[in-house]
Amino acid sequence: MDKEEDQRLAALAPEISRLSIELLRRAAGTYPEERVAQEALECADDILKHHGTDGLRVLIMSLTCWSAVQLEINAHTSGRTLESLLDDMLLTWLEAKPEE
């Protein structure tokens, strides 16, 4: 990223981070589970409408940061490696047969 882009994204970060936490609050424990995807799409559409593609980029950065931290916490508390947790995620994805 160049300096201008970095500044532009940094200016959006506090608001988008707050919105990502609100998204996670709505999505966690949602039933039926298909609503999680709907919540995510509605959040992304709202951010795109109000903050453009820069907002979506910051949303991805924010959610990735939250996810990475939670994976690290999970690995530490479970005594597993990050690689093991990610392998389980990949196995779950493969069992869902995404290519079908």
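Higher on the page you've got the structure.
Participant: Please clarify how the pattern of salt bridges should be interpreted in this entry.
Facilitator: It is possible for side chains of opposite charge to pair when their charged atoms get near one another. Tallying each qualifying case throughout the model produces nine salt bridges. The partner of E39 in a salt bridge is R26, with the nearest N and O atoms 2.8 Å apart. One end of the pair, E39, is in helix 2 (residues 34-78); the other, R26, is in helix 1 (residues 3-27), and 13 residues separate them in sequence. A single network of salt bridges, built from pairs that share partners, joins E4, E5, R8, D54 and R57.

Participant: In this structure, what is going on with the side chain of S20? I would like to understand it.
Facilitator: Looking at the element boundaries, S20 is found in helix 1. With a relative accessible area of 0%, S20 lands in the buried category. Side chain to side chain, S20 and W66 meet in a polar contact 3.3 Å long. Excluding residues that lie within four positions of it along the chain, S20 makes contacts with L59, S62, L63 and W66.

Participant: Mind showing me how you'd approach helix 1 here?
Facilitator: Each α-helix turn comprises 3.6 residues. Residues three or four places apart therefore point the same way. For helix 1, spanning 25 residues, the distance from its first C-alpha to its last is 34 Å, which sits close to the expected 36 Å at 1.5 Å a residue. Maximal helix bending in helix 1 amounts to about 45°, located at A13; proline P14 follows within four positions. Inspection of helix 1 places E5, L9, L12, I16, L19, S20, L23 and A27 among the buried residues, and these make up the whole buried set. Buried-residue contacts for helix 1 involve helix 2. Its side-chain oxygen placed 3.3 Å from the backbone nitrogen of E4, D2 serves as the N-cap of helix 1. A positive phi of about 80° marks G29, the residue just after helix 1.

Participant: Whenever I open this one, the packing of helix 2 against helix 3 (residues 82-95) confuses me. Can you help?
Facilitator: Any two packed helices are characterised by the angle at which their axes cross and by the distance between the axes. Running from amino to carboxyl end, helix 2 crosses helix 3 at an angle of 110°, the nearest separation of the two axes being 9 Å. The orientation of helix 2 with respect to helix 3, classified from their angle, is roughly perpendicular. Relative to helix 3, helix 2 is oriented so that their crossing is right-handed. The segment helix 2 lies against helix 3, with L71, E72, N74 and A75 engaging L82, L85, L86 and M89.

What counts, and at which threshold
- Residues numbered from 1 in each chain as written.
- Predicted model: local features only at pLDDT ≥ 70, side-chain atom pairs only at ≥ 80, totals over all residues.
- Heavy atoms only, no water.
- Salt bridge = Lys/Arg side-chain N within 4 Å of Asp/Glu carboxyl O.
- Helix = DSSP H or I, 4+ residues; strand = E, 2+ residues; numbered from the N terminus.
- Buried < 20%, exposed > 50% of the residue type's maximum accessible area, 1.4 Å probe, protein only.
- Polar contact = N/O pair within 3.5 Å; in protein donor to acceptor, adjacent residues only side chain to side chain.
- Contact = heavy atoms within 4.5 Å.
- Expected span 1.5 Å × (residues − 1).
- Bend = angle between axes of the 7 residues up to and from the residue.
- Axes fitted to C-alpha atoms, helices over the stretch in contact; angles between N-to-C directions.
- Parallel < 35°, antiparallel > 145°, perpendicular 65-115°, else oblique.
- Left-handed = near helix turned anticlockwise from the far one by under 90°.

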